[in-house]
Amino acid sequence: MRKEIIAVLLSITLLTGTLTGCGKSTSDTAASAAGITESTEAKAWTEEAATEEEKTVKGESYLDGCYDYDPDFTRKENSEEYSEWEEKGYSSVMKEPVSTFSTDVDTASYSNLRRLIREGYSIDELPENAVRIEEMLNYFTYDYKEPEGSEPFGVTAKIGKCPWNEDAELVMLGLKTEDIDYEDAPASNLVFLLDVSGSMYADDKLPLLQEAFCLLADNLTEKDRVSIVTYAGDDTVVLEGVSGDKTRTIKKALMGLEAGGGTHGSKGIETAYALAEDNFIKGGNNRVILATDGDLNIGLTSEEELEELITEKKESGIFLSVLGFGTGNIKDNKMETLADKGNGNYAYIDSLREANKVLVEEMSATLLTICKDVKLQVEFNPAVVSEYRLIGYENRALNKEDFDDDTKDAGEIGAGHSVTALYEVILKEPLSGLSDEDINDLKYSDEYRKEQGKGSLESSATEKEWFTLSIRYKKPAENESSLLTYPIGFESYMENPDDDFRFAGAVAEFGLLASHSENPEDASVKNVKKILKSIDLDDEYKEEFLELVKEVE
């Protein structure tokens, strides 16, 4: 009977674990209850109790010493991967008068940042290279000019004081394409390439993926063709060339998917592109939509191998969209590479709400490319600007000569997309600190303006161009680019910046902190919050950004 009691008590010990620092350990308690504690153990127990009493006298509470845990533990380790890039910082106009980069309409970095903050990450804890400021800026919509005539873009330029650097001005450049109702868009040949490997088992992966694509299926029409390819250890063709109005058939195929096995993504890509070619719609929108956590572990798996594969496939005239899902092991680096080199865009889906934004609200922008290989080049006037830095776009930088090289790959823009770029600029001489309203109130306002006009600074800054914006782009089916140029000067300066300008500035300021910028100047979460609370946040996504800022304050 004695042995049976000991066995039961030891079993309880194994189930509940050992608690230390809160009286006697469970295993010791079991032995004592069985009447087998030796005198040395009793002595140790007495000494331990005395130590605990001494701690209590010194001010440590009972609960403080109840569990022995690692105070530095915050969350389980993950294996997420992000592409490496380096912040460039400021450039001298005299040494580098031209800034050249590829456009970017990806939004994945922002929605992933939102997920990380909601998981409890502080600003300082955010993974290195996880935050790309350009994707934060381009997540939101702004009131930009619409295209006029036959031009593909409406171009907006605004200049005002930089909110995080009192010695600099902030330049905001915006491109906007024409929004097209999906019903009026060309017919689409869509191939859903879906990762159903074992790593997709979690609720925020395959189940969310299925719901997201069901939302998309609800909005397709009879002119569309839909194919579904899944991949795990091998690839499977689930549907081939089904009419887009066969909603129940598409949804049934989606909801019947199950996760399991390895991740032979490269083989799935090969099959998806072959299906897209078989169902190719001449003059239509031919696109593969890849949905994955990016954790490819069979076949071609490195960024370099995937880049080579997808660069070859894009020559078929088939575009690629990439949708990232899940936490813990997402391979952001691989998904970004696939989208960039596959003439497509990349979004991260962290919720059904985000899926609705990307696949329903912004359906035409996500699925219908209207300009490809879009490059921007800004040439600064050294008579006005002495230094500048482009905020973000580090992994989109191009050499000056790449701008005129039509073989050089660049970004794609969809119908209704907007692109935002910000420059922090240091003028050769600072502008007057007085606004027109301040000057008008002066008794000697006329004399002030005369004196103001005598300085080389004022005459150059207000009368000369600050820089010229040049844009190169190609139509989706063409290989030769067209050029647009826009001179920008003091006419774009705002003494009292509008809400769009101030909001974009707040996003960039927060991005400098979140990306661990080496040049944050006076950026602070407190200032970001102050700006956001002073402007009209005219949609739910901007309001949500304020809530995220509050979470890390």
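The notes below deal with the structure included here. From a predicted model like this one, the values you see are computed outputs, not experimental measurements. (Residues numbered from 1 in each chain as written. Predicted model: local features only at pLDDT ≥ 70, side-chain atom pairs only at ≥ 80, totals over all residues. Heavy atoms only, no water.)

**A look at the overall build of the protein chain**
- When you go through the protein chain residue by residue, the secondary structure sums to 18 helices and 16 strands.
- Going through the 553 residues of the protein chain one by one, you find that 51% of them count as buried.
- Sequence separation of at least 24 residues holds for 80% of the intrachain contacts in the protein chain that already meet a minimum separation of 6.
- Surface exposure of the protein chain reaches about 25900 Å², of which carbon and sulfur atoms provide 47%. (Helix = DSSP H or I, 4+ residues; strand = E, 2+ residues; numbered from the N terminus. Buried < 20%, exposed > 50% of the residue type's maximum accessible area, 1.4 Å probe, protein only. Contact = heavy atoms within 4.5 Å. Areas by Shrake-Rupley, 256 points an atom, 1.4 Å probe, with all protein chains shown as cover.)

**Observations concerning the sheet that holds strand β4 (residues 169-177)**
- Strand order in the open sheet formed by five strands is β1-β12-β14-β4-β3, with antiparallel pairing between adjacent strands. A strand with exactly one partner marks an edge of an open sheet, and here the two such strands are β1 (91-92) and β3 (153-161).
- Both β1 and strand β12 (residues 385-390) contribute to a ladder of two bridges, which runs antiparallel. Directly across from S91, in β12, lies its bridge partner Y388. (Pairing = 2+ DSSP bridges.)

**Some details on the environment of A421**
- Relative to the assigned elements, A421 resides in strand β14 (residues 418-427).
- Sequence separation of A421 and L137 is 284 residues, and the distance between their C-alpha atoms is 7.8 Å.
- Among residues more than four places away in sequence, those in contact with A421 are F101, V171, M172, L173, L390 and Y393.

**Section: the environment of D293**
- By secondary structure assignment, the location of D293 is in the loop between β8 (285-292) and α9 (303-313).
- The class for D293 is buried, based on a relative accessible area of 0%.
- Separated by 38 residues in the primary sequence, D293 and K331 have C-alpha atoms spaced 6.3 Å apart.
- Not counting residues within four places of it along the chain, the set of residues in contact with D293 comprises D195, S199, M200, K205, F325, N329, I330, K331 and M335.
- A distance of 3.4 Å separates a polar atom in the side chain of D293 from a polar atom in the side chain of N329. (Polar contact = N/O pair within 3.5 Å; in protein donor to acceptor, adjacent residues only side chain to side chain.)

**Digging into the layout of surface pockets**
- Of the volumes computed, that of the largest pocket is approximately 650 Å³.
- In this structure, the largest pocket is lined by 27 residues; those nearest its centre are G317, F319, K372, P476 and A477.
- For the lining of the largest pocket, the secondary structure elements donating two or more residues are β8 and β11 (369-380).
- Sorting elements by how many residues they give to the lining of the largest pocket places β11 first, with four residues.
- Along the lines of polarity and charge, the residues of the lining of the largest pocket split into nine nonpolar, ten polar and eight charged. (1 Å grid on protein atoms, 1.4 Å probe; cavity = no way out; pocket = protein on both sides within 12 Å on 5 of 7 lines; lining within 4 Å. Points joined across faces, edges and corners; volume = space filled by probe spheres on them. Nonpolar A, V, L, I, M, F, W, Y, C, P; charged D, E, K, R; others polar.)

**Here we look at a negative patch on the surface**
- Taken together, the side chains of E178, D179, D181, E183 and D184 make up a negatively charged region of the molecular surface.
- The topology assignment puts D184 in the loop between β4 and β5 (188-195). (Patch = residues over 30% accessible without salt bridge, like charges linked within 9 Å, V, L, I, M, F, W, Y side chains within 5 Å. Salt bridge = Lys/Arg side-chain N within 4 Å of Asp/Glu carboxyl O. Lys, Arg positive; Asp, Glu negative; His and termini not counted. Charge placed at Lys NZ, Arg CZ, Asp CG, Glu CD.)

**Quick notes on the nonpolar core**
- F140, V288, F503, F510, L532 and F545 are the most contacted members of the largest nonpolar core, which totals 73 residues.
- For this core, the leading source of residues is helix α16 (residues 499-514), giving ten residues.
- Residues contacting F140, with those up to four places away along its chain left out, are Y110, S418, F503, V507, Y541, K542 and F545.
- Core analysis: the second largest hydrophobic core is formed by 38 residues, L209, A212, A347 and I349 among them. (Core = buried A, V, L, I, M, F, W, Y, C linked by side-chain atoms within 4.5 Å.)

**Brief notes about the sheet that holds β5**
- Ordered in space as β7-β6-β5-β8-β9-β10, the six strands form an open sheet in which the pairing is mixed. Each of the sheet's edge strands pairs with one partner strand only, and the pair in question is β7 (235-243) and β10 (345-349). Between one strand and the next, the sheet's axes are offset by a mean angle of 15 degrees, whatever the strand orientation.
- Pairing of β5 with strand β6 (residues 225-231) involves seven bridges; the strand directions are parallel. Residue pairing in the sheet places N189 in a bridge with R225 of β6. (Axes fitted to C-alpha atoms, helices over the stretch in contact; angles between N-to-C directions.)

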